[in-house]
Amino acid sequence: MNWDDARVFLALYRERTLRAAARSLAVDQATVGRRLAALEGVVGATLFLRTSGGYVLTGAGESVLSAAERMEQSAIDFQRLTQGLDDRLSGEVRIATTDSLAIDFLIPALQRLHAQHPDVVVQIHTSTRMVNLAKREADIAIRTARPENPDLIARRLAQWPMGLFASPAYLSAHGEPEIGAAFAGHDLVVYQPYVTDSKNPTLVGEPISAGRTVAAVDSSLTLRNAIKAGLGVGEIPTYMGEADGMVRLWPERTRVAPYEVWLVTHKDLRHTARIGVAMEEIALAFERFR
């Protein structure tokens, strides 16, 4: 099995259909089918069962899966190490972050980066999903949690308290919630992943059990805009509420864990010129904000 065959094999294993595998490989569906047939002919065994639920590994397929994954990791390591030696101020830089951080900090940083280094092209991926830098899903990540992988280099860019905010319009219509009443009589906008992971969810330490959750969102940008629009009371980093002209409620209270922002890359990429200048501009954007 060569690396091209292994890529097709792994894509079909992960995506389960020819169409999805072809999309992930940026080739046409017929190419994937043809490469799979050729691979099965070379190894002399059927690697996938064609089921109504998609392609499923056979016993023969399972026996070569770990070998294909090792080939993939070797290819990723080779590409990352060679990229780390690149001193050109041109080429692509892939950055993963959240939508709010992209708007508030990344885009201003990229404006300055483009003015100084117009041949550096940036690809932005905005999501709350934690990308895998070791597998080169991105070159740089702007994260809200410090990574534990020792192969990653992390620099803390900012730390803000989490505060309770509402719009002036909401407060005019509903008044301010009362401390100790668990938001009785009030509408709430919550960050869905946080609520899902909490047995007894709170906002700045106040239980939300008596409040009306009118919206649960999975995006910080959606959350802050829902609060700003007067949909309900919500908990966001203080910089967001203040920047958007919202009213901070109970300013003496915050969530126990602050909102932190970390700039992360793989150690093998730290000397890549275009990645280095991109990271410096991102760091400067946070420094200028403070």
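This one's a predicted model, so the numbers in the text were calculated from it and none came from an experiment. (Residues numbered from 1 in each chain as written. Predicted model: local features only at pLDDT ≥ 70, side-chain atom pairs only at ≥ 80, totals over all residues. Heavy atoms only, no water.)

Draft legend 1. Expanded view of the overall build of the protein. When its secondary structure is counted, the protein shows 10 helices and 14 strands. Taking the principal axes of the C-alpha coordinates as reference, the protein spans close to 75 × 50 × 30 Å. Counting contacts in the protein only where the partners sit at least 6 residues apart, residues at least 24 apart contribute 75% of the total. With the model as given, the accessible surface of the protein reaches about 14,700 Å², and the carbon-plus-sulfur share is 51%. (Helix = DSSP H or I, 4+ residues; strand = E, 2+ residues; numbered from the N terminus. Contact = heavy atoms within 4.5 Å. Areas by Shrake-Rupley, 256 points an atom, 1.4 Å probe, with all protein chains shown as cover.)

Draft legend 2. Broad picture of the packing of helix H5 (residues 99-116) against helix H10 (residues 273-289). Remark: H5 packs on H10, axes separated minimally by 8 Å, with the N-to-C direction vectors making an angle of 125 degrees. Taken as axis vectors, H5 and H10 run oblique relative to one another. Relative to H10, H5 is oriented so that their crossing is right-handed. Between H5, through Leu101, Phe105, Leu106, Ala109, Arg112, Leu113 and Gln116, and H10, the contact on the second element is made entirely by Val277, Ala278, Glu281, Ile282, Leu284, Ala285, Phe286, Arg288 and Phe289. Among the residues forming the contact of H5 with H10, the class breakdown is 12 nonpolar, one polar and three charged. (Axes fitted to C-alpha atoms, helices over the stretch in contact; angles between N-to-C directions. Parallel < 35°, antiparallel > 145°, perpendicular 65-115°, else oblique. Left-handed = near helix turned anticlockwise from the far one by under 90°. Nonpolar A, V, L, I, M, F, W, Y, C, P; charged D, E, K, R; others polar.)

Draft legend 3. Highlighting the pattern of salt bridges. Enumeration according to the criterion identifies 16 salt bridges in this entry. In this structure, arginine 50 engages glutamate 40 in a salt bridge whose closest nitrogen and oxygen atoms are separated by 3.3 Å. In this pair, arginine 50 sits in strand E1 (residues 48-51) while glutamate 40 sits in helix H3 (residues 29-43), placing the two residues 10 residues apart along the sequence. Measuring nitrogen to oxygen at the nearest pair gives 3.3 Å for the salt bridge that ties glutamate 137 to arginine 129. For glutamate 137, a relative accessible area of 37% puts it in the partly exposed group. Residues joined by salt bridges that share partners form a network here, namely Arg94, Arg136 and Asp139. (Salt bridge = Lys/Arg side-chain N within 4 Å of Asp/Glu carboxyl O. Buried < 20%, exposed > 50% of the residue type's maximum accessible area, 1.4 Å probe, protein only.)

Draft legend 4. Looking closely at helix H8 (residues 220-228). Restricting attention to buried positions, one finds in H8 the residues Ser220, Leu223, Arg224, Ala226 and Ile227. Buried residues along H8 cover an arc of 160 degrees about the axis, so they all sit on one side. Of the surrounding secondary structure, the elements contacted by the buried residues of H8 are H5, strand E7 (162-166), strand E8 (187-191), strand E11 (212-217), strand E12 (234-237) and helix H9 (238-243). Its side-chain oxygen 3.2 Å from the backbone nitrogen of leucine 221, serine 219 forms the N-cap of H8. Backbone geometry just downstream of H8 places glycine 230 in the positive-phi region, at approximately 90 degrees. (Arc of directions from axis to C-beta. Polar contact = N/O pair within 3.5 Å; in protein donor to acceptor, adjacent residues only side chain to side chain.)

Draft legend 5. Spatial organisation of the environment of aspartate 99. For aspartate 99, the position within the fold is in helix H5. Measuring from C-alpha to C-alpha, the distance between aspartate 99 and serine 219 comes to 7.3 Å, with 120 residues separating the pair along the chain. Non-local contacts of aspartate 99, meaning those with residues more than four positions away in its chain, are made with Thr126, Ser219, Ser220 and Leu221. A polar side-chain atom of aspartate 99 sits 3.3 Å from the main-chain amide nitrogen of leucine 221.

Draft legend 6. Quick peek at the nonpolar core. Among the nonpolar cores identified, the biggest contains 38 residues, and Ile140, Ile142, Val261, Ile282 and Phe286 are the most heavily contacted of them. Once you skip the residues sitting within four places of it in the chain, phenylalanine 286 turns out to touch Leu101, Phe105, Ile142, Leu157, Ala158, Trp160 and Val261. In terms of nonpolar packing, the next biggest core, distinct from the first, is built from 19 residues, Leu12, Val32, Leu57 and Ala68 among them. (Core = buried A, V, L, I, M, F, W, Y, C linked by side-chain atoms within 4.5 Å.)

Draft legend 7. Structural detail: the sheet that holds strand E4 (residues 120-126). Taken in spatial order, the five strands make up an open sheet running E4-E3-E5-E14-E6, and their pairing is mixed. Of all the strands in the sheet, the pair left with one neighbour each is E4 and strand E6 (152-160). Adjacent strand axes in the sheet meet at a mean angle of 20 degrees, parallel and antiparallel pairs treated alike. When strand E5 (residues 140-143) meets strand E14 (residues 259-266), the two strands line up antiparallel, connected through four bridges. (Pairing = 2+ DSSP bridges.)

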